[in-house]
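In case you want the letters, here they are:
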Amino acid sequence: MAGTPGPELARAVLDAALAKRRAAQQAPRRRTGTGEETGRRLRGYSGPGPDPRDPQLFGAVLERIMKQRGWQKPAAEATVFGAWEKVVGSDIAQHSRPVKLDAGVLTVEAESTAWATQLRLLAGNLLKRIAAEVGHNVVTKLNIHGPAAPSWNKGPRRVQGRGPRDTYG
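Novice: Is there a simple way to think about the overall build of the protein in this case?
Specialist: In terms of regular secondary structure, the protein is built from seven helices and three strands. For the protein, the succession of helices and strands along the chain, N to C, is α-α-α-α-α-β-β-α-α-β. Burial statistics for the protein: of 169 residues in total, 21% are counted as buried. Considering only residue pairs separated by 6 or more positions, the protein has 50% of its internal contacts joining residues 24 or more positions apart. Only carbon and sulfur atoms are counted for the fraction: they give 55% of the accessible area of the protein, which is about 13,800 Å².

Novice: Sorry if this is basic, but what is going on with unusual backbone geometry here?
Specialist: In terms of backbone geometry, most residues other than glycine have negative phi values and most peptide bonds are trans. Positive phi, normally seen in glycine, also occurs at Ala103, with a value near 55 degrees. Its place among the elements puts Ala103 in the loop between β1 (96–102) and β2 (105–110). Phi is positive for Asn137, close to 65 degrees, though the residue is something other than glycine. For Asn137, the position within the fold is in the loop between α7 (123–134) and β3 (141–145).

Novice: Whenever I open this one, the nonpolar core confuses me. Can you help?
Specialist: Here is a general trend for soluble globular proteins: nonpolar side chains tend to be buried in one another's company. Residues Trp84, Val88, Leu106, Leu119, Ile130, Val139 and Leu142 are the most contacted members of the largest nonpolar core, which totals 22 residues. Mapped by element, the contributors of at least two residues to this core are α3 (72–82), α4 (84–88), α5 (90–95), β2, α6 (113–121), α7 and β3. Among all residues touching Leu106, those that are not within four sequence positions of it are Val80, Phe81, Trp84, Pro98, Lys100, Leu101, Ile130, Val139, Lys141, Leu142 and Asn143.

Novice: Hey, could you run me through the pairing of β3 in this one?
Specialist: Residues Leu142 and Ile144 point to one face of β3 and are all buried, whereas Lys141, Asn143 and His145, pointing to the other face, are not buried. Here five bridges tie β2 to β3, and the two strands are oriented parallel to one another. Residue Glu109 lies in a different strand from β3, and its bridge partner there is His145.

Novice: What exactly am I supposed to notice about helix α2 (residues 58–69) here?
Specialist: Three- or four-residue spacings in an α-helix give side chains the same orientation, since the helix completes a turn every 3.6 residues. Between its first and last C-alpha atoms α2 spans 17 Å; for 12 residues at 1.5 Å apiece the expected length is 16 Å, and the two agree. One or two positions beyond α2, positive phi appears at Gly70, with a value near 75 degrees.

Novice: Quick question: what am I supposed to make of the sheet that holds β3 here?
Specialist: Paired through their backbone hydrogen bonds, the strands of a sheet run either parallel or antiparallel. Taking strand neighbours across the sheet as the criterion, the three strands line up as β1-β2-β3 in an open arrangement whose pairing is mixed. Strands at the two margins of the open sheet, each flanked by one partner only, are β1 and β3. Strand-to-strand twist across the sheet, computed as the mean angle between neighbouring axes with direction ignored, equals 25 degrees. Bridge count for β1 against β2 is six bridges, and the pairing is antiparallel. Among the inter-strand pairings, Ser96 is bridged to a residue of β2, identified as Ala110. Against the sheet, α3 touches β1 and β2, its axis set at about 160 degrees to β1. Sheet contacts for α7: β2 and β3; angle to β3, the most-contacted strand, approximately 125 degrees.

Novice: Would you take a moment to explain the pattern of salt bridges for this structure?
Specialist: Evaluated as defined, the whole model comprises three salt bridges. Among the ionic pairs, Arg11 bridges to Asp15, the shortest N-O distance being 3.9 Å. Here Arg11 pairs with Asp15, and both are found in helix α1 (residues 6–26), just four residues apart, close to one helical turn.

The rules behind each value
Residues numbered from 1 in each chain as written. Predicted model: local features only at pLDDT ≥ 70, side-chain atom pairs only at ≥ 80, totals over all residues. Heavy atoms only, no water. Helix = DSSP H or I, 4+ residues; strand = E, 2+ residues; numbered from the N terminus. Buried < 20%, exposed > 50% of the residue type's maximum accessible area, 1.4 Å probe, protein only. Contact = heavy atoms within 4.5 Å. Areas by Shrake-Rupley, 256 points an atom, 1.4 Å probe, with all protein chains shown as cover. Core = buried A, V, L, I, M, F, W, Y, C linked by side-chain atoms within 4.5 Å. Pairing = 2+ DSSP bridges. Expected span 1.5 Å × (residues − 1). Axes fitted to C-alpha atoms, helices over the stretch in contact; angles between N-to-C directions. Salt bridge = Lys/Arg side-chain N within 4 Å of Asp/Glu carboxyl O.

Following this line, the structure appears as structure tokens:
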């Protein structure tokens, strides 16, 4: 080919390219993967079947990300606080609120001491309801207490001494 003139060389290259193209068109195309396995980008329309490029439901994408990053347990813990009424029921939720969840121990503050006593009696049932809603081993124990009484030990009008007793008598 070193001795062939320019136009003949161009014609020979063009004929070789056309022959290669015709051979590629006649041979059946084999599909090795969807593109994700091979690392190549898919081209064209996705067609009637499911395709990884199709729009995905937001919940499905969020669930997949949570599973990949190991966020199931923190999400379940957040559900205890965010959906307290749904988890324990509206009657109990009106008279109590979750305060803290630490190492599987859920601290619940009741509206009154009577409700605290009632919730202590229902602790086993509440643990079953919580486990059914958010999963097992998220909450393993309940710590239920009544309302916190006001503290008179600190404040802007605190007087040092024995307190209210020293004003009588």
